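Summary of structural features
Chain residues, written in single-letter form:
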Amino acid sequence: NRFKDTRMNDIWLVDFYAPWCGYCKKLEPVWADVGAELKASGSPVRVGKMDATAYSGMSSEFGVRGYPTIKLLKGELAYNYKGPRTKDDIVEFTNRVSGPAVRPLPSKQMFEHMLKRHDVLFVYVGGESPLKEKYIDVATELIVYTYFFSASEEALPESMALPEIPSVAVFKDGSYFTYDEYEDGSLSSWINKERFQGYLQIDGFTLYELGETGPSRFLIKVFCFDRKSLTFDFRLFRLKSLIQMVAKDYRQHFNRDFQFGHMDGSDYINSLIMGEVKVPSVIILNTSNEQYFLPDGPTETLEDLVSFITGVLNGSVQAYGGDGIVQRVKRIAFDARSTIMSVFRSSPVLGCFLFGLPLGVISLMCYGICTADSDPDAGDMELMKREGFTDEEEEEEDDEEQRRTAQLEVAQSPPEKTTIDICYQPVA
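Residues numbered from 1 in each chain as written. Predicted model: local features only at pLDDT ≥ 70, side-chain atom pairs only at ≥ 80, totals over all residues. Heavy atoms only, no water.

1. Description of the overall build of the protein chain
Applicable threshold: Counting from the N terminus, the helices are DSSP H or I runs at least four residues long and the strands are E runs at least two residues long. The cut-offs for exposure are 20% and 50% of the maximum accessible area for each residue type, with area from a 1.4 Å probe on protein chains only; residues under the lower value are buried, those over the upper are exposed, and the others partly exposed. Here, residues are in contact when the closest pair of their heavy atoms is within 4.5 Å. Only the protein chains shown count as covering a residue, and every accessible area follows the Shrake-Rupley method with a 1.4 Å probe.
If you tally the helices and strands in the protein chain, you get 17 helices and 15 strands. Here the protein chain holds 428 residues, and the buried ones make up 36% of them. At a minimum sequence separation of 6, the contacts of the protein chain that also span at least 24 residues come to 71%. As displayed, the protein chain offers around 27300 Å² of accessible surface, 53% of which is attributable to carbon and sulfur atoms.

Dropping the structure here:
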């Protein structure tokens, strides 16, 4: 109750946990380090944790659906943290979200300092305008992902020339790009797509974020060397260079629909296609429905890669996979098989114990059920039939036995004495 009454006056970083949750227990030491780091830096954010199972009403009010859930509460707003659960990432998120949605850049020196510090930088340039109001609204929503700044025209670097003022620009990949309402659509959608570098290393968290950028976002990935092999591969170097060239030189053609990057290892793509691919390989993934596209031939030149991407965009390249029911069932079976095989490869004894013992118990249960007598009297009847007896024959045999016993008893008993009464009548 005290937290509920006072939280509107403070900024809170809260960990909603469950006592039985293993991930929550793993987060405990990290959470302690986060609290110590924020306190040492003089942050106004108060750090706490709440048992969501004991205070289910409060957790439901904040939309907690899993554990652990990290939220930053600032007034009426509640921001979800969806990044890696490390101290540095959580502290960086807290410092970014707890501050103002839009931070000012008052001078050229500050502007250049922020350009060096951030890989992707959004800046509103100009005075008060309807565009600035939209920019502040979008920044309030998307500050969980990146920083937002504002500057006057005098604070811009001398090498920067905007087509018009006011304007919104993004600085990344050694250049800058401006927002055009007629070509790029809504400001929120444009920022949500432009918050990634043109070419980046992809992991599970990045895949999750890319899935939230829009309904039809294609991801072009190079699957790099196997982690077990650290030898240099010229083909890998060549493919990565080609994709980086396409991402930069063909931005105007592909940036709206494609994101470029690479991922180490091939475990993810093997699970996606339910098979094995050679590395390095190029694949285009539709993040909205898990469809993927493979090139028909080698992609050894820039023209080959551009032709492949263009074919995916116009629909001439065959699509595989998807998120249909059949594909989901196949993927579940493939994942189960892969898990079992990995257990047996890493520890055959453990695999036999985990899977052999339950199968043996189930087999014994099935054997017992199949061989059990459903009717005990049926077995006795079957035995009597095999011996040549029926119910009627058994009754006749019992009667015959009784008659024999009676005759035997009569034959063995002594003769009975006979009494004769004689009556005399007197003669007159």
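From this point, the discussion proceeds with the structure in view.
2. Brief notes about the pattern of salt bridges
For clarity, the cut-off: Here, a salt bridge means any side-chain nitrogen of Lys or Arg that lies within 4 Å of a carboxyl oxygen of Asp or Glu.
Counted by the stated rule, this structure contains nine salt bridges. R96 is the salt-bridge partner of E92, the closest N and O atoms lying 2.5 Å from each other. Within this pair, E92 and its partner R96 are both found in helix α4 (residues 87-98), separated by four residues, close to a single helical turn. We classify E92 as partly exposed; its relative accessible area is 34%. The exposure class assigned to R96 is buried, which follows from its relative accessible area of 5%.

3. With respect to unusual backbone geometry
Looking along the chain, the bond that leaves Y67 and enters P68 is cis, with omega of -10°. Note on placement: P68 falls in the loop between α3 (56-61) and β3 (69-74). Residue I165 is joined to P166 through a cis peptide bond whose omega torsion reads 0°. Note that P166 resides in the loop between β7 (148-151) and β8 (167-172). With phi around 55°, D173 is a residue other than glycine that occupies positive phi space. Mapping D173 onto the fold places it in the loop between β8 and β9 (175-178). Note on D173: relative accessible area 41%, which makes it partly exposed.

4. What to know about the nonpolar core
When a protein is soluble and globular, its nonpolar side chains tend to lie buried together. The cut-off we apply is this: We define a nonpolar core as any set of buried Ala, Val, Leu, Ile, Met, Phe, Trp, Tyr and Cys residues linked to one another through side-chain atoms lying within 4.5 Å.
The biggest cluster of nonpolar side chains holds 19 residues, and the ones touching the most others in it are V246, F260 and I309. Those elements that provide at least two residues to this core are α10 (234-249), β12 (258-263), β13 (281-286) and α13 (302-314). Looking at which element gives the most residues to this core, the answer is α13, with six residues. The next biggest cluster of nonpolar side chains, apart from the first, holds 18 residues, and it includes L27, I70, Y81 and V144.

5. A look at the pairing of β8
In plain terms, the rule: Pairs of strands are assigned from DSSP output, requiring at least two bridges between the strands.
The buried fraction of β8 is high, at six of six residues. Side chains S167, A169 and F171 project from β8 onto one buried face, and the interleaved V168, V170 and K172 project onto a second face that is buried too. Sheet topology note: the strand β6 (residues 121-125)/β8 ladder contains five bridges and is antiparallel. Bridge pairing in β8 places V123 opposite A169. When β8 meets β9, the two strands line up antiparallel, connected through four bridges. Bridging from a neighbouring strand, K172 pairs with S175 of β9. Taking the residues between adjacent antiparallel strands as the criterion, β8 and β9 are bridged by two residues, where D173 takes a positive phi near 55°.

6. Quick word on the confidence of the model for the protein chain
Put simply, the test is: The pLDDT score gives, residue by residue, the confidence of the prediction method on a 0 to 100 scale.
Averaged over all residues, the pLDDT of the protein chain is 80; the fraction at 70 or higher stands at 80%. Segment residues 225-232 is flagged for pLDDT under 50; beyond a separation of four residues in sequence, or across chains, it makes nine contacts in the model. This stretch, residues 418-425, has a pLDDT under 50; its non-local contacts, to residues over four places away or in other chains, come to zero contacts.

7. Observations concerning a nonpolar patch on the surface
Selection criterion: Each patch is built from residues lacking any salt bridge and having more than 30% relative accessible area; the joining distance is 9 Å for like charges and 5 Å for nonpolar side chains (Val, Leu, Ile, Met, Phe, Trp, Tyr).
On the surface, a nonpolar cluster with roughly 280 Å² of combined accessible area is contributed by L357, V361 and M365. Looking at the element boundaries, V361 is found in helix α15 (residues 348-371).

8. A short note on the packing of aromatic side chains
So the rule is basically this: Aromatic contacts are taken between Phe, Tyr and Trp rings whose centres are within 6.5 Å, Trp giving its six-membered ring; a plane angle under 30 degrees counts as stacked, one over 60 as edge-to-face, and the others as tilted. A ring has a charge above it when a Lys NZ or an Arg CZ is no more than 6 Å from the ring centre and no more than 35 degrees off the ring normal.
Throughout the structure, instances matching the rule amount to 14 aromatic pairs. Consider the rings of Y135 and F148, whose centres lie 5.8 Å apart with planes at 80°: the pair is edge-to-face. In this pair, Y135 sits in helix α6 (residues 130-142) while F148 sits in strand β7, placing the two residues 13 residues apart along the sequence. On the basis of relative accessibility, which here comes to 1%, the residue Y135 falls in the buried class. Arranged with centres 5.8 Å apart and planes meeting at 80°, the rings of F254 and F258 form a pair that is edge-to-face. F258 carries the same exposure label as F254, and that label is buried. In this structure, R96 packs its charged tip against the face of Y147, placed 5.7 Å from the ring centre.

9. With respect to the sheet that holds strand β5 (residues 103-105)
The strands making up a sheet associate through backbone hydrogen bonding, with each pair oriented either parallel or antiparallel. Counted only if it meets this: A fitted line through C-alpha atoms serves as each axis, taken over the contacting stretch for helices, and the angle formed by two N-to-C directions is quoted from 0 to 180°.
Taken in spatial order, the five strands line up as β5-β7-β6-β8-β9 in an open sheet, and their pairing is mixed. Of all the strands in the sheet, just β5 and β9 have a single pairing partner and so form its edges. The sheet shows a mean angle of 30° between the axes of neighbouring strands, direction not considered. Pairing of β6 with β7 involves four bridges; the strand directions are parallel.

10. Some points on the sheet that holds strand β4 (residues 77-81)
Strand order in the open sheet made by the four strands is β2-β1-β3-β4, with mixed pairing throughout. The outermost strands of the open sheet, each flanked by one partner alone, are β2 (45-51) and β4. Adjacent strand axes in the sheet meet at a mean angle of 25° when their direction is disregarded. Pairing of β3 with β4 involves five bridges; the strand directions are antiparallel.

11. Here we look at the state of the cysteines
Cut-off, in case you're wondering: By definition, disulfides here are pairs of cysteine sulfur atoms that lie within 2.5 Å.
Within this structure, the stated rule accounts for zero disulfides. This cysteine, C370, is not joined by any disulfide, and C366 carries the nearest cysteine sulfur, 6.4 Å off. The exposure class of C370 is exposed, given its relative accessible area of 67%.

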